[in-house]
Amino acid sequence: APGLYMVATPIGSARDMTLRGLDILASADIIAAEDTRTARKLMDIHGVPLNHRKMVAFHDHSGQGEVNGLVKEIAAGKSIAYVSEAGTPLIADPGYELGRAVAAAGLFVTAAPGASAALAAMTVSGLPSDRFMFIGFLPAGKVQRETEIASLRDTPATMIFYESPKRIQEMLVSLRDILGDEREVAVCRELTKKFEEVTRGTLAEVTEAYADRSVKGELVVVVGRAGATEVEDVDVESALREAMKTMRV
Ligand code: SAM
């Protein structure tokens, strides 16, 4: 059917590609890809031929012209599969303007969900998953980074950050200095890949563990909320008794 299909792709292990995602890649009229080479490689691995179909590049530098062009194609009855470089489109990846424009034109938008580093990291972090907030990449500069971390200090949710191996050490130091030694953290490296590694502990411990090593690969940092590990001992009955005292009948 005509529309925009947001197709998630693997974040490391090629076999995390979903069957429905492959069906869509095999049948869409147009494949729009953040990186056409990665998309072709993925299709090759899974034996999905491109044949006569069009593959177009769509990335952060694509402007309104490209967005409008794709919206027009869908309005003319075409189906477009969009894949970002890895994982789920829009999650620290392009696709937002495109999805918004297609929806605003009253056309069909659907997702073929699949891998995302954020959720994979949340899943293995050992941190509370009842409520979480995706932050993505912090600003590169120290001042901006620390200002943003300070603004997140009291966030009542587990927080998920993406970080590059070049900056992970300074990022951990900033997190520890601002959120405190005792805050819980999990650094998740190379998820779904051969050298997958999860380092869990307090910010003091994990910052120390990461201090003197050369870090390679892709990283997600999951930070617990303030006071998440303190088990609050709420005595409901006595609290109720107190409340009753001041209640007017
Ligand atoms: N759209 C992707 C998703 O759904 O996860 C994220 C794209 S973002 C440009 C790339 C960042 O995601 C990396 O710098 C890293 O922080 C994180 N990432 C991607 N794959 C990962 C993996 N296998 N293990 C750990 N982190 C990963």
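No experiment lies behind these values; they were computed from the predicted model shown.

1. Notes on the overall build of the protein
Phase 1: For the protein, the helix and strand inventory stands at nine helices and 10 strands.
Phase 2: At 22 Å, the protein has a C-alpha radius of gyration far larger than the 18 Å of a compact globule built from 249 residues.
Phase 3: Projected onto its principal axes, the C-alpha positions of the protein cover 75 × 60 × 35 Å.
Phase 4: When the 249 residues of the protein are sorted by exposure, 31% land in the buried category.
Phase 5: Within the protein, contacts between residues separated by at least 24 positions form 77% of all contacts whose residues are at least 6 apart in sequence.

2. Brief notes about the site of the ligand
Phase 1: Taken together, 23 residues are adjacent to the ligand, and Gly87, Ser116, Ala117, Tyr162 and Leu191 come closest.
Phase 2: Elements that contribute at least two residues to the shell around the ligand include exactly helix 5 (117–124), strand 7 (158–163) and strand 10 (219–223).

3. As for the packing of helix 3 (residues 64–75) against helix 4 (residues 96–104)
Phase 1: In the contact formed by helix 3 and helix 4, the axes pass within 10 Å of each other and the chain directions differ by 40°. Relative to helix 4, the element helix 3 lies oblique. As helix 3 packs across helix 4, the resulting crossing turns out to be right-handed. Note on element contacts: helix 4 touches helix 3 through Glu97, Leu98, Ala101 and Val102, opposite Val67, Leu70, Val71 and Ile74.
Phase 2: Split into classes, the residues belonging to the contact of helix 3 with helix 4 amount to seven nonpolar, no polar and one charged.

4. Section: the sheet that holds strand 10
For sheets, the rule is that strands pair by backbone hydrogen bonds, running either parallel or antiparallel.
Phase 1: The five strands lie next to each other as 6-7-10-8-9, forming an open sheet whose pairing is mixed. What marks the edges here is a single partner per strand, and that holds for strand 6 (132–137) and strand 9 (197–202). Going from strand to strand, the sheet's axes swing by 15° on average, the running direction of each strand aside.
Phase 2: In this sheet, strand 7 lies alongside strand 6 in parallel orientation, the contact comprising five bridges. Counted as the bridge partner of Gly136 is Phe161 from strand 7.
Phase 3: Its contacts with the sheet place helix 5 against strand 6, strand 7, strand 8 (184–189), strand 9 and strand 10, and it is angled at close to 50° to strand 10.

5. Let's talk about helix 7 (residues 168–179)
Phase 1: Its 12 residues give helix 7 an end-to-end C-alpha distance of 16 Å, which sits within 8% of 16 Å, the value for a rise of 1.5 Å per residue.
Phase 2: Listed in full, the buried residues belonging to helix 7 are Ile168, Met171, Leu172, Ser174, Leu175, Arg176 and Leu179.
Phase 3: In this fold, the buried residues of helix 7 make contact with helix 6 (142–151), strand 7, strand 8, helix 8 (203–211) and strand 10.
Phase 4: Phi turns positive one or two residues past the end of helix 7, at Gly180, with a value near 100°.

6. Description of the sheet that holds strand 3 (residues 54–57)
Phase 1: Read across the open sheet, the five strands follow the order 3-2-4-1-5; overall the sheet is parallel. Each having just a single partner strand, strand 3 and strand 5 (109–112) make up the two edges of the open sheet. Within this sheet the neighbouring strands show an average axis-to-axis angle of 25°, counted without direction.
Phase 2: Pairing between strand 1 (residues 3–7) and strand 4 (residues 79–83): four bridges, direction parallel. Bridge pairing links Tyr5 to Ala81 in strand 4.
Phase 3: Sitting on the sheet, helix 3 touches strand 1, strand 2 (30–33) and strand 4, and the angle it makes with strand 4 is about 140°.
Phase 4: The sheet strands contacting helix 4 are strand 1, strand 4 and strand 5, and the helix crosses strand 1 at an angle near 150°.

Rules and cut-offs
Residues numbered from 1 in each chain as written. Predicted model: local features only at pLDDT ≥ 70, side-chain atom pairs only at ≥ 80, totals over all residues. Helix = DSSP H or I, 4+ residues; strand = E, 2+ residues; numbered from the N terminus. Rg over C-alpha atoms; globule rule 2.2 N^0.38 Å. Buried ≥ 20, exposed ≤ 12 C-beta atoms within 10 Å, placed from the backbone. Contact = placed C-beta atoms within 7 Å. Near = placed C-beta within 6 Å. Axes fitted to C-alpha atoms, helices over the stretch in contact; angles between N-to-C directions. Parallel < 35°, antiparallel > 145°, perpendicular 65-115°, else oblique. Left-handed = near helix turned anticlockwise from the far one by under 90°. Nonpolar A, V, L, I, M, F, W, Y, C, P; charged D, E, K, R; others polar. Pairing = 2+ DSSP bridges. Expected span 1.5 Å × (residues − 1).

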